[in-house]
Every structure is written in structure tokens, then in C-alpha cells.
Amino acid sequence: MEDTVFLNGEFMPRSRARISPDDRGFLFGDGLYEVTPAYGGRFLAMDRHLARLRRGSETLSIPVPEGIEALHIELLRRNHLEEAEMAIVYLQVTRGTAPRSHAFPDPPVPATVYAWAKPFQRPPMEEWEEGYSAVTTPDRRWTRADLKTVQLLPQVLGQQAAREAGATDALLVKDGIALEGAHNNVFFVFGELLVTHPASNQILPGITREIVLELAREEGIPVEERAVPLEEAKCASEMFYTGTTTEVRPTVRLDGKPVGDGGVGPVTRRLHQAFLGRISRECGLAPV
Ligand code: PDD
């Protein structure tokens, strides 16, 4: 059955959704997006996703309409995903449709608001247990990587480089620093210590990253938020990625070489379990 999407105030079958070729999202990548997960029909950390969207909206003067949370709930309902083990809602807001001219339309035009929901399948646990691989690739993004804009060409190229290398994730490197993945954040373990890049303008401040940092502190795992040179990253005993569709994903090979002993490490396992526990608690599911 065809899914129901939301476009500019209306719910409709996906095949009926149309936007103008003069939409600024299409012409300039002039828009923001969010991806929010729901487990058993309950959203995880919706308030944080909305806060990130609001921050982008204020920074770029792209107006985000009211009622985004209700829209998310309604999209799950209309797509029969209230009981889905896991689902995601994608939301995109662009500066709207106007004749092509770089500066903002004056007077302003209504934002284009597009959203959809779909079920999300976790990989089987046996696959997770084997671990995943990553490859390094240059970070070609602008200086506001902290804003979740739809200008994703550098991330597209990074993820394609990973695919062509037969790897799951990209490790974006700028000025010798291992920053994050093409659509997820990265963590390294050195002995007991958990390290990830600070939430600066160089990375997207992931909600999953933030939750994992909180969980690490709760678990008594020492944490440092600092830049990790690639040369140091190569000596990590463990490495994992975090993100809405990534959850906590162990990396056991980087550029074809084993990370640590080449297996999924204990800190990654602990944080993965803690993350699943957080989902159960926040989304009212049976404990893991
Ligand atoms: N990606 N870093 C980048 C560059 C991202 O695009 C994302 C999210 C993250 C992780 O953020 P979060 O934990 O809030 O999902 C980090 C989304 C899911 C995407 O592009 O599909």
C-alpha cells in the first residue's frame, strides 16, 4: 500500500506529492531537515530533535511552522506505524518557492514543508556482533557542519566512497582530524577512555551522540570531548558510530586494518546495551 506523506499542510499519497522546480531547496539546497526515530510508536528525544531544528531555523532565518510534534504523531498514525518496533520520520523545511535569485525572497514566501514516515529495520544481531568497516575520506563540507541543512553533496560523496570501498561507514577527515561519519558521529576508545569530537561547527551535534555521552557518564566511563587526529584514531582499541539510523554501531576495520583486536569491544557493548535500555525506558517498551 502506498504511504501517506505530508506536503504544505496536506496529507496525501506519496505519488501525488509535487513541489515546484523553483523551490529553493531544489535550486540552492536552501533548507533544513530532521530525522527522528520512534520505537513502538513513541519518539525518542523528540524535544532535542525539535530544538536542533529550531536552532537551524533561527540561524538561517528559515521559518519552521508550529505543530511539528503533532505532525510526527499523525504521520505514524496514517502510516500504521504506531506499533512498529522502529520507525523514522523525515522532515524537510525549505525557504519556499520563488524566482531564482540568491538573496532571500523579499517579501518572504511560505516555507515548503515535506515529511514522511517509514518503518526502519535494525540489522540482525549476528551482523552487529561481526562488526562493521569504515574508510577515511576527505571532509569537503562548509564551515557550518553543525547545521542540519539539505546541502548534502559532501556527505553523498563520502558515503559513496565508503560503498565503493565495500565499507559501511565513512570517516570524514579534515586537517588531519577524524571528525565524524557521512551521516553519523564517531567515537574512539583508548584503553578506558571514550573520546569524541566536541560539538563544534565542524560536526553535526547528533542527538544519539549526546545520549551516548550521557550514558557513558552514568556508567562511570571516563569521557573526553576533543579532536582526534587520524593518526591517533588508527591506534584506538575500539571505534563506533552513533546516529538515529545507526544507533550504536561497532567498527572493527578501518581502511582495511583491524581496530584494536578486530572484534567488538567491551565499551561499545556496554554503551550499546545502555542505549537499548534508554530506548526501553523512554519509549515505554519491555526492558532489554
Ligand atoms: N543523519 N552526523 C551527521 C553528518 C549526520 O547527518 C547525522 C544524522 C548525525 C547523527 O545525528 P543523530 O544522532 O541526531 O541522528 C551525525 C541523519 C540520520 C540522516 O542524514 O539521515
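The shown structure was predicted, so the numbers you read here are calculated from the model rather than taken from an experiment. (Residues numbered from 1 in each chain as written. Predicted model: local features only at pLDDT ≥ 70, side-chain atom pairs only at ≥ 80, totals over all residues. Heavy atoms only, no water.)

Asks: Talk me through the nonpolar core; I want residue IDs and the actual numbers.
Replies: Generally speaking, soluble globular proteins have nonpolar side chains that are buried together. By size, the foremost hydrophobic cluster in this structure holds 24 residues, and its most contacted members are Leu71, Leu75, Leu76 and Leu91. Secondary structure elements with two or more residues in this core: β3 (31-39), α2 (46-60), α3 (68-78), β5 (86-94) and β6 (112-119). Ignoring sequence-local partners within four residues, the contact set of Leu91 consists of Leu32, Tyr33, Glu34, Leu53, Ile68, Leu71, His72, Val113, Tyr114 and Ala115. Grouped together as the second largest cluster of nonpolar side chains are 23 residues, Leu213, Ile221, Ala274 and Leu276 included. (Core = buried A, V, L, I, M, F, W, Y, C linked by side-chain atoms within 4.5 Å. Buried < 20%, exposed > 50% of the residue type's maximum accessible area, 1.4 Å probe, protein only. Helix = DSSP H or I, 4+ residues; strand = E, 2+ residues; numbered from the N terminus. Contact = heavy atoms within 4.5 Å.)

Asks: Lay out the pairing of β5 with the relevant residues and their values.
Replies: When you tally the buried positions in β5, you get nine out of nine residues, the bulk of the element. The two faces of β5 match: Met86, Ile88, Tyr90, Gln92 and Thr94 on one face and Ala87, Val89, Leu91 and Val93 on the other face are all buried. In this sheet, β6 lies alongside β5 in antiparallel orientation, the contact comprising eight bridges. When the bridges of β6 are listed, Gln92 appears paired with Tyr114. (Pairing = 2+ DSSP bridges.)

Asks: Before we move on, could you go through the pattern of salt bridges and cite the residues and values that matter?
Replies: Evaluation of the coordinates by the stated rule reveals 26 salt bridges. The salt bridge partner of Glu180 is Arg141, with a shortest N-O separation of 2.7 Å. Highlighted residues: Glu180 in strand β9 (residues 177-180) and Arg141 in the loop between β7 (132-138) and α5 (153-164), separated in sequence by 39 residues. Here the two residues Glu180 and Arg141 agree in accessibility, since each one is buried. For Arg278, the salt bridge identified is with Glu214, shortest N-O distance 3.1 Å. On the criterion of sequence distance, the pair formed by Arg278 in helix α8 (residues 266-283) and Glu214 in helix α6 (residues 207-218) is long-range, its members being 64 residues apart. (Salt bridge = Lys/Arg side-chain N within 4 Å of Asp/Glu carboxyl O.)

Asks: Give a detailed account of the domain arrangement of the chain, specifying residues and quantitative values.
Replies: Under the domain assignment, the chain is made up of domain 1 (4-119) and domain 2 (125-283). Taking only C-alpha atoms, the centre of domain 1 and the centre of domain 2 are 26 Å apart. Across the domain 1 to domain 2 interface the summed buried area is about 2100 Å²; carbon plus sulfur atoms make up 63%. Three residues, Tyr33, Arg48 and Arg52, lead the burial of domain 1 against domain 2; their summed loss comes to 32% of the area buried on that side. At the junction of domain 1 and domain 2, the tally comes to three salt bridges. Note that Arg48 is salt-bridged to Glu210, the shortest N-O span being 2.7 Å. In this structure, the connection of domain 1 to domain 2 is made through seven residue pairs in polar contact (both at pLDDT 80 or more). Those elements that place two or more of their residues in the side of domain 1 that touches domain 2 are β3, β4 (42-43), α2 and β5. Of the residues forming the side of domain 1 that touches domain 2, the biggest block, eight residues, is contributed by β3. Its residues assigned to classes, the side of domain 1 that touches domain 2 comprises 13 nonpolar, seven polar and six charged. (Domains from an automatic or database assignment. Buried area = accessible area lost by both parts, 1.4 Å probe. Polar contact = N/O pair within 3.5 Å; in protein donor to acceptor, adjacent residues only side chain to side chain. Nonpolar A, V, L, I, M, F, W, Y, C, P; charged D, E, K, R; others polar.)

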